[in-house]
Amino acid sequence: MKNILLIGVGGTGSKTVDTLFQKVKELGRQNDNNISAIVFDTDAGDIKKIECAVPIPMADNASVGTICDRIGTNYIREWFPCGDKAIRSQEMFRGASQWRKKSYLAFLNLMNKPKFRSAFISTLEKMTLDPSAPCEVYIISSVAGGTGSGSFIPIALFAKRYLRKNLGKSPIIN
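An account of the accompanying structure is given in this report. Counting restarts for each chain: residues are numbered from 1 in the order of the written sequence. Local features in a predicted model are, by the rule used here, given only for residues with pLDDT of at least 70; side-chain atom pairs are given and counted only at 80 or more, and totals for whole chains, interfaces and linings are based on all residues. Hydrogens and water molecules were not included; the side-chain quantities draw on all heavy atoms of the structure.

Before going further, it helps to examine the pattern of salt bridges. Whenever Lys or Arg places a side-chain nitrogen within 4 Å of a carboxyl oxygen from Asp or Glu, that contact is recorded as a salt bridge. Applying the stated criterion across every chain, the model contains three salt bridges. Of the charged contacts in the structure, one is a salt bridge between lysine 2 and glutamate 136, with a shortest N-O distance of 3.1 Å. Residue lysine 2 is located in the segment before strand 1 (3-9), and its partner glutamate 136 is located in strand 4 (residues 135-141); the two are separated by 134 residues in the primary sequence. Each residue is assigned to one of three classes by its accessible area relative to the maximum for its type, calculated with a 1.4 Å probe on protein chains only: buried under 20%, partly exposed between the two thresholds, exposed over 50%. Residue glutamate 136 is classed as buried on the basis of its relative accessible area of 9%. One salt bridge in this structure joins aspartate 46 and lysine 49, with 3.8 Å as the shortest N-O distance. We count a stretch as a helix when DSSP gives it H or I for four or more residues in a row; a strand needs E for two or more, and each element gets its number in order from the N terminus.

In structure tokens:
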């Protein structure tokens, strides 16, 4: 038996994981693997279409500038042009719009929200139903330039570090 987590990131990854997980559920238990699925997206419209996986919206009604101010660290201000009025006024809930930095900012914002952070953590913790079983995480995203390309690495790192530090697992991240 294996504990398997499918993570979809962005529109392409989320749709793919949701479809795949729906097929897994339709087929029923074909083996002894414990399979779960979670998806992350900055597009509020797309995340509402998720049917089977656990949906995690990465953006809220705040603007880019508001989120920069909320996070407030110097490296964000240096790395992200938070002072530019046109950039500050951009809405976050319509997706990353081919802008990797915007999706990374959305991930940082998400991790500062207890409700969504705990949904991610509880999905990770479900991977330890059988403590002796190995953990495998599969992340599916597009690297063409939107949400997936800017946040799949931080999501993978968070999953790996959390499983290792808090649950004593050494997951295989694919």
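And the narrative resumes.
So, about the nonpolar core. Among buried residues, those of type Ala, Val, Leu, Ile, Met, Phe, Trp, Tyr and Cys that are joined through side-chain atoms within 4.5 Å constitute a nonpolar core. Ranked by internal contacts, the top residues of the largest apolar core, which has 26 residues, are Ile7, Phe40, Leu110, Phe120, Leu124 and Phe158. If you list the elements that add at least two residues to this core, you get strand 1, strand 2 (34-41), helix 6 (100-111), helix 7 (114-125), strand 4 and helix 8 (147-167). Counting residues per element, this core draws most heavily on helix 8, which supplies six residues. It only takes one pair of heavy atoms within 4.5 Å for two residues to be counted as in contact. Not counting residues within four places of it along the chain, the set of residues in contact with leucine 110 comprises Phe40, Ile56, Pro57, Met58, Phe116 and Arg117. Ile4, Phe21, Ala37 and Ile50 belong to the second largest nonpolar core, which has nine residues in total.

For lysine 2, a relative accessible area of 32% gives the class partly exposed. Through-space distance from the C-alpha of lysine 2 to that of asparagine 34 is 6.2 Å; in sequence the pair is 32 residues apart. Contact partners of lysine 2, with chain neighbours within four places excluded, come to Asn33, Asn34, Ala133, Pro134 and Glu136. Side-chain polar atoms of lysine 2 contact the side chain of glutamate 136, separated by 3.1 Å. In protein, a polar contact requires one atom able to donate a hydrogen and another able to accept it; more generally it is a pair of N or O atoms within 3.5 Å, and residues adjacent in sequence count only if both atoms are side-chain atoms.

Here we come to the packing of helix 3 (residues 64-71) against helix 6. Where helix 3 contacts helix 6, the two axes come as close as 10 Å, and the packing angle between them is 50°. Taken together, the axes of helix 3 and helix 6 lie oblique to each other. The way helix 3 lies across helix 6 gives a crossing that is left-handed. In this structure, helix 3 contributes Val64, Ile67, Cys68, Arg70 and Ile71 to the contact, and helix 6 contributes Lys102, Leu105, Leu108 and Asn109. Whenever a helix is involved, its axis is fitted only over the stretch in contact; in every case the axis is a line through C-alpha atoms, and angles between N-to-C directions fall within 0 to 180 degrees. Roughly parallel refers to an angle under 35 degrees, roughly antiparallel to one over 145, roughly perpendicular to one between 65 and 115, and oblique to any angle outside these ranges. In this scheme the crossing of two helices becomes right-handed for a clockwise turn of the near helix relative to the far one and left-handed for an anticlockwise turn of less than a right angle.

Reading across the sheet, the five strands line up as 3-2-1-4-5 and stay open at both edges, with parallel pairing between neighbours. Each of the sheet's edge strands pairs with one partner strand only, and the pair in question is strand 3 (54-57) and strand 5 (172-173). This element, helix 8, spans strand 1, strand 2, strand 4 and strand 5 of the sheet and lies at about 155° to strand 1. DSSP bridges decide pairing: two strands pair if at least two such bridges lie between them.

Interhelical geometry of helix 7 versus helix 8 gives an angle of 60° and a closest axis separation of 10 Å. In terms of axis orientation, helix 7 runs oblique to helix 8. Of the two elements, helix 7 crosses helix 8, and the hand of that crossing is right-handed. Along the contact surface, helix 7 presents Arg117, Phe120, Ile121, Leu124 and Glu125, while helix 8 presents Ile155, Phe158, Ala159, Tyr162, Leu163 and Leu167. Residues are grouped as follows: Ala, Val, Leu, Ile, Met, Phe, Trp, Tyr, Cys and Pro are nonpolar; Asp, Glu, Lys and Arg are charged; all remaining types, including Gly, are polar. Residue classes in the contact of helix 7 with helix 8 are distributed as nine nonpolar, no polar and two charged.

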